[in-house]
Amino acid sequence: MMIWCVKTDTAFLAGAIMTALRRTAAGVAVTASVLCSVDAVAGEDPQADFLARYIDWAKTIEASGQDRGTPLSSTQLELAREIGIEHPEKVRLVFVDAVPFPTHDEVMREVGEDLGFIGPGITNNAQAFGYTIWIRDGFALDRPGLAHELVHVAQIERSASFGDYVERYMQELSEHGHVDMPLEVEAYAANTKYR
Ligand SMILES: [Zn+2]
């Protein structure tokens, strides 16, 4: 993900998201009878809801991108291989008015605003959903910019699942913020390396 402006007040959400992540992980094993508060039941927590819904939605975006996107050129394929993507032939570039976000869903919209994905002054220029890279029209996708997104594709490829990656991304985002989170540090290093 590459954004021009990130809200810095995401720290307050860290606790809530971390709790949500723990609940999501434990969700299957935990029953209402062992929990003392109703709002701790997985599915009734807005943050846990957000993750589950966001992952489901993101999978539909990837499927759509596979249908409508453009395969990489030979030069781009070479870059993807150099970055370590095992299946660069699966990568698709999708150019759109705005990088998608599930604003139609009130819970996802609110958490998205808190996390700095969307909101006033925030422009998401590009984002990888699985093997599909969605790019905002008007954003010049140069070699460093493409390299950045390809690193995210490589990160997704080496994750156990797209859902696992999204969960890790949200966890890191809430703990460190966009600039300092390890997944973004690795991706931004590619902006410099592949000039
Ligand atoms: Zn990024």
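Residues numbered from 1 in each chain as written. Predicted model: local features only at pLDDT ≥ 70, side-chain atom pairs only at ≥ 80, totals over all residues.

1. Some remarks on the environment of Ser-159
Among the secondary structure elements, Ser-159 is positioned in the loop between helix 5 (143–157) and helix 6 (162–176). With near-sequence residues (within four places) excluded, Ser-159 lies in contact with Asp-164 and Tyr-165. (Helix = DSSP H or I, 4+ residues; strand = E, 2+ residues; numbered from the N terminus. Contact = placed C-beta atoms within 7 Å.)

2. Let's talk about the environment of Thr-70
Tracing the backbone shows Thr-70 in strand 2 (residues 70–71). Distance in space between the C-alpha atoms of Thr-70 and Phe-95 is 9.0 Å, their sequence separation being 25 residues. Apart from residues lying up to four places away in sequence, Thr-70 is in contact with Arg-92 and Leu-93.

3. Re the pairing of strand 3 (residues 92–96)
As defined by bridge partners, strand 2 adjoins strand 3 across 2 bridges and the pair is classed as antiparallel. Bridge assignment links Thr-70 to a residue of strand 3, and that residue is Leu-93. When strand 3 meets strand 5 (residues 132–136), the two strands line up parallel, connected through 5 bridges. Its bridge partner being in strand 5, Arg-92 is matched across the sheet by Thr-132. (Pairing = 2+ DSSP bridges.)

4. Quick look at the packing of helix 3 (residues 74–83) against helix 5
As a packed pair, helix 3 and helix 5 sit with axes 9 Å apart at the nearest point and diverge in direction by 50 degrees. Classified by the interaxial angle, the pair formed by helix 3 and helix 5 is oblique. By crossing handedness, the relation of helix 3 to helix 5 is classed as right-handed. For the pair formed by helix 3 and helix 5, the contact residues are Gln-76, Leu-79, Ala-80 and Ile-83 on the first element and Arg-143, Leu-146, Ala-147, Leu-150, Val-151 and Ala-154 on the second. For the contact of helix 3 with helix 5, the residue count by class is 8 nonpolar, 1 polar and 1 charged. (Axes fitted to C-alpha atoms, helices over the stretch in contact; angles between N-to-C directions. Parallel < 35°, antiparallel > 145°, perpendicular 65-115°, else oblique. Left-handed = near helix turned anticlockwise from the far one by under 90°. Nonpolar A, V, L, I, M, F, W, Y, C, P; charged D, E, K, R; others polar.)

5. Side note on the pairing of strand 4 (residues 124–129)
Summarising burial for strand 4: 5 of the 6 residues are buried, a large majority. Bridge count for strand 4 against strand 5 is 4 bridges, and the pairing is antiparallel. Paired with Ala-128 across the two strands is Ile-133, which belongs to strand 5. Counting the residues in the hairpin turn of strand 4 and strand 5 gives 2 residues, including Gly-130, whose phi is positive at 60 degrees. (Buried ≥ 20, exposed ≤ 12 C-beta atoms within 10 Å, placed from the backbone.)

6. Thoughts on the environment of Ser-174
As for its placement among the helices and strands, Ser-174 is situated in helix 6. On the basis of neighbour count, Ser-174 is assigned to the buried category, with 24 C-beta atoms found within 10 Å. Put simply, Ser-174 and Gly-116 are 58 residues apart on the chain and 9.9 Å apart in space, counted from C-alpha to C-alpha.

7. What about the confidence of the model for the protein?
When pLDDT is averaged along the protein, the result is 82; 78% of the residues meet or exceed 70. Taken together, the stretch residues 5–42 has pLDDT below 50 and engages in 51 contacts with residues farther than four places along the chain or on a different chain. (pLDDT = per-residue confidence, 0-100.)

8. Thoughts on the nonpolar core
Considering soluble globular proteins, one finds that nonpolar side chains tend to be buried as a cluster. Residues Ile-83, Ile-133, Leu-150 and Val-153 are the most contacted members of the largest nonpolar core, which totals 41 residues. Where this core is concerned, the elements lending two or more residues are helix 2 (46–68), helix 3, helix 4 (106–115), strand 4, strand 5, helix 5, helix 6 and helix 7 (182–193). Among the elements that take part in this core, helix 5 stands out by supplying 7 residues, more than any other. (Core = buried A, V, L, I, M, F, W, Y, C linked by C-beta atoms within 7 Å.)

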